[in-house]
Amino acid sequence: MSKRKLILIRHGEINSNLKKIYSGRSNEPLNARGIKQSKLLAKKLSIFKISTILTSPLKRALMTANEIKKTQDCALIVSEYFNELKMGPWEGKSEKEIKENFHEEWRLWNNFPSKLQLKERETLGMLKERVNKGLSKFINKTESSECLCIVSHVAILRLIILQIEKKSLNLYRKINVLNAKPYVFNLDDLKL
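The structure contained in this document is the topic of the report that follows. Since we're looking at a predicted model, the values are computed, not measured.

### Notes on the overall build of the protein chain
Across its full length, the protein chain carries seven helices and five strands. For the protein chain, the sequential pattern of α-helices and β-strands runs β-α-α-β-α-β-α-α-α-β-α-β. Its C-alpha atoms give the protein chain a radius of gyration of 16 Å, within 12% of the compact-globule value 16 Å for 192 residues. For the protein chain, the proportion of its 192 residues judged to be buried stands at 50%. A separation of at least 24 residues holds for 74% of the contacts in the protein chain among residues at least 6 apart in sequence. Total accessible area on the protein chain stands at roughly 9,700 Å², and carbon and sulfur atoms take up 51% of it. On the protein chain, the mean spot of the 37 positive side-chain charges and the mean spot of the 20 negative ones are 4 Å from each other.

What follows is the structure, given as structure tokens:
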């Protein structure tokens, strides 16, 4: 029986997380707490044999992935497949600003997120397609006793968790994903 694991990690904390700002594709680095979180995370993960770390190209994810890489003898691959959701007009705005300026869209996002469509913004369906293309390139390369680690953003990790749990994309906003906390699954439970 395969013991392959999938470890999902949201990058360490950034200042936008504290301010409830959709940082989107900004290249914001980890803050001091995020750096500390990443170092502690790397120590926790030393019990796993990680074969590959897949990471978003954004600085906050790369910084987190590099801390893990320091404690593992593994490949680190930067991939656009695991980049943050394209936020379009919500990029860099706070939740408060979005509630005030996109009232109907905000309501839809909180109740039926898979139905939200905004110009220059990825839908959850588009994001799922992108992430699955990336996953399909790496899942079969992970040996039976190894772990595949993905360091990315809340949107990507929520989608993967929903797929593993075979749940609707409309439950997207119900999945809580904390900064620098490992979420460990059996890799064979992920069906693309």
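### Brief notes about the pairing of strand β5 (residues 182–186)
Regular strands place their side chains on alternate faces of the sheet. Burial along β5 is one-sided: Tyr183 and Phe185 are buried, while Pro182, Val184 and Asn186, pointing the other way, are not. By the bridge criterion, five bridges tie strand β1 (residues 5–10) to β5 in an arrangement that is antiparallel. Paired with leucine 6 across the bridge in β5 is phenylalanine 185.

### Focus on the side chain of serine 51
Along the chain, the position of serine 51 falls in strand β2 (residues 50–55). Serine 51 has contacts with Cys74, Ala75, Thr142, Glu146 and Cys147, leaving out every residue within four places of it along the chain.

### Some points on the state of the cysteines
Applying the stated criterion across every chain yields a total of zero disulfides. Not engaged in a disulfide, the cysteine cysteine 74 finds its nearest cysteine sulfur in cysteine 149; these two sulfurs lie 7.7 Å apart.

### A word on the layout of surface pockets
In this model, the largest pocket occupies a volume close to 500 Å³. If you trace the largest pocket, you find 25 residues lining it, with Arg10, Asn17, Tyr22, Glu95 and Val154 closest to the centre. Listing elements by their share of the lining of the largest pocket, those giving two or more residues are α1 (15–18) and α7 (154–164). Tallied by class, the residues present in the lining of the largest pocket amount to 11 nonpolar, seven polar and seven charged.

### A closer look at the pattern of salt bridges
Inspection of every chain in the model, using the stated rule, returns nine salt bridges. One salt bridge in this structure joins lysine 96 and glutamate 100, with 3.7 Å as the shortest N-O distance. With lysine 96 and glutamate 100 both in helix α4 (residues 95–101) and four residues apart, the pair spans about one turn of that helix. On the basis of relative accessibility, which here comes to 60%, the residue lysine 96 falls in the exposed class. Classification of glutamate 100 by relative accessible area gives exposed; the value is 54%. Through salt bridges with shared partners, a single network forms among Lys39, Glu67 and Lys70.

### A short note on the sheet that holds β5
Strand pairs in the sheet, formed through backbone hydrogen bonds, run parallel or antiparallel to each other. With respect to topology, five strands assemble into an open sheet ordered β3-β2-β4-β1-β5, the strand pairing being mixed. For this open sheet the edge positions go to β3 (75–78) and β5, each flanked by a neighbour on one side alone. Direction aside, the axes of adjacent strands within the sheet are offset by 20° on average. Examined bridge by bridge, β1 and strand β4 (residues 147–152) share six bridges and lie parallel to one another. Looking at the pairing, leucine 8 lines up with isoleucine 150 of β4.

Conventions we followed
- Residues numbered from 1 in each chain as written.
- Predicted model: local features only at pLDDT ≥ 70, side-chain atom pairs only at ≥ 80, totals over all residues.
- Heavy atoms only, no water.
- Helix = DSSP H or I, 4+ residues; strand = E, 2+ residues; numbered from the N terminus.
- Rg over C-alpha atoms; globule rule 2.2 N^0.38 Å.
- Buried < 20%, exposed > 50% of the residue type's maximum accessible area, 1.4 Å probe, protein only.
- Contact = heavy atoms within 4.5 Å.
- Areas by Shrake-Rupley, 256 points an atom, 1.4 Å probe, with all protein chains shown as cover.
- Lys, Arg positive; Asp, Glu negative; His and termini not counted.
- Charge placed at Lys NZ, Arg CZ, Asp CG, Glu CD.
- Pairing = 2+ DSSP bridges.
- Disulfide = S-S within 2.5 Å.
- 1 Å grid on protein atoms, 1.4 Å probe; cavity = no way out; pocket = protein on both sides within 12 Å on 5 of 7 lines; lining within 4 Å.
- Points joined across faces, edges and corners; volume = space filled by probe spheres on them.
- Nonpolar A, V, L, I, M, F, W, Y, C, P; charged D, E, K, R; others polar.
- Salt bridge = Lys/Arg side-chain N within 4 Å of Asp/Glu carboxyl O.
- Axes fitted to C-alpha atoms, helices over the stretch in contact; angles between N-to-C directions.

Limitation: the analysis is restricted to geometry and does not speak to function.
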